[in-house]
Amino acid sequence: AQTVTQSQPEMSVQEAETVTLSCTYDTSESNYYLFWYKQPPSRQMILVIRQEAYKQQNATENRFSVNFQKAAKSFSLKISDSQLGDTAMYFCAFMKHGLRAYNNNDMRFGAGTRLTVKP
Amino acid sequence: EAGVTQFPSHSVIEKGQTVTLRCDPISGHDNLYWYRRVMGKEIKFLLHFVKESKQDESGMPNNRFLAERTGGTYSTLKVQPAELEDSGVYFCASSYNPLAGGPNEQFFGPGTRLTVL
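## So, the state of the cysteines
Using the criterion set out here, one finds 2 disulfides over all chains in the structure. Covalently, C23(A) is tied to C92(A) through a disulfide, its sulfur atoms 2.0 Å apart. On the S-S bond that ties C23(A) to C92(A), the torsion sits near -70 degrees, and the link is left-handed. Of this pair, C23(A) sits in the loop between β3 (19-21) and β4 (24-26) while C92(A) sits in strand β10 (residues 88-96), and the two are 69 residues apart along the sequence. Grouping residues by exposure puts C23(A) and C92(A) together as buried. Put simply, C23(B) and C92(B) are joined by a disulfide, and their sulfur atoms are 1.8 Å apart. Linking C23(B) and C92(B), the disulfide has an S-S dihedral of approximately -60 degrees and is accordingly described as left-handed. In this pair, C23(B) sits in strand β3 (residues 19-24) while C92(B) sits in strand β9 (residues 88-95), placing the two residues 69 residues apart along the sequence.

## Quick word on the confidence of the model for chain A
Residues with a pLDDT of 70 or more make up 92% of chain A, whose mean pLDDT is 90. When mean pLDDT is taken per element in chain A, β3(A) scores highest with 98 and strand β11 (residues 108-109) of chain A scores lowest with 90.

## A word on the pattern of salt bridges
Following the criterion strictly, the structure yields 10 salt bridges over all chains and no others. The shortest N-O distance in the salt bridge between E105(B) and R50(A) comes to 3.8 Å. With E105(B) in the loop between β9 and β10 (107-108) and R50(A) in strand β6 (residues 46-52), the pair connects residues from two separate chains. R50(A) gets classed as partly exposed once you look at its relative accessible area, which sits at 29%. R64(B) is paired through a salt bridge with D86(B); the nearest N and O atoms lie 2.6 Å apart. With a gap of 22 residues between them, R64(B) in the loop between β6 (53-56) and β7 (65-68) and D86(B) in the loop between β8 (75-79) and β9 connect regions that are remote in the sequence. With respect to burial, R64(B) and D86(B) carry one shared label: buried. Counted as one network, the salt bridges with shared partners bring together R36(B), R64(B), E85(B) and D86(B).

Quick notes on the rules
Residues numbered from 1 in each chain as written. Chains lettered and ligands numbered in written order. Predicted model: local features only at pLDDT ≥ 70, side-chain atom pairs only at ≥ 80, totals over all residues. Heavy atoms only, no water. Disulfide = S-S within 2.5 Å. Helix = DSSP H or I, 4+ residues; strand = E, 2+ residues; numbered from the N terminus. Buried < 20%, exposed > 50% of the residue type's maximum accessible area, 1.4 Å probe, protein only. pLDDT = per-residue confidence, 0-100. Salt bridge = Lys/Arg side-chain N within 4 Å of Asp/Glu carboxyl O.

Here it is in structure tokens:
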């Protein structure tokens, strides 16, 4: 079974600074996907960034980047130039790679990290 | 385009009562997922529909939970009778089905916060 661990329940960062959120996972699969989702207060969960396990290059999306260490099963999220709007709950998630057209792509989530960006 | 919607946003019921949660996926999305987050814990998978069929319901806690997806459109999740431990936030997500490769990105609804007293 796959498990995802986020060891930091809460974090805070000053506006414009950089923060890194940790995530580790456990799986015997060789091909899979990893995600970071963000849920702002009272709003919907949205996808921040996605990483395919077979790709060595770390994914980046503007101010968001990941440090994917496959051997260590680590997938941390770095937020550069933090903004007040980055305040949210961040969830790390794992999904197996499916081979069929209709894949059972259910996700395994960590417990979340509550990030507060301070002005 | 409208996103995934869920109704109600909050529900407070007493132990032993019945509650029905509704999810409307994004139009054209064959895949529909239900998840639950108990306070402070991880979001856990409950079940997965492909159109109107249950693809995987291995995450359903027990037979007090019944999910349906009539006509492959919206889905309902009924809890009967509700127990205290059923309290939490119930998320619905949907994704479409490309025939080739890639993860089916899941789009989440805002969740329904269920409180059982």
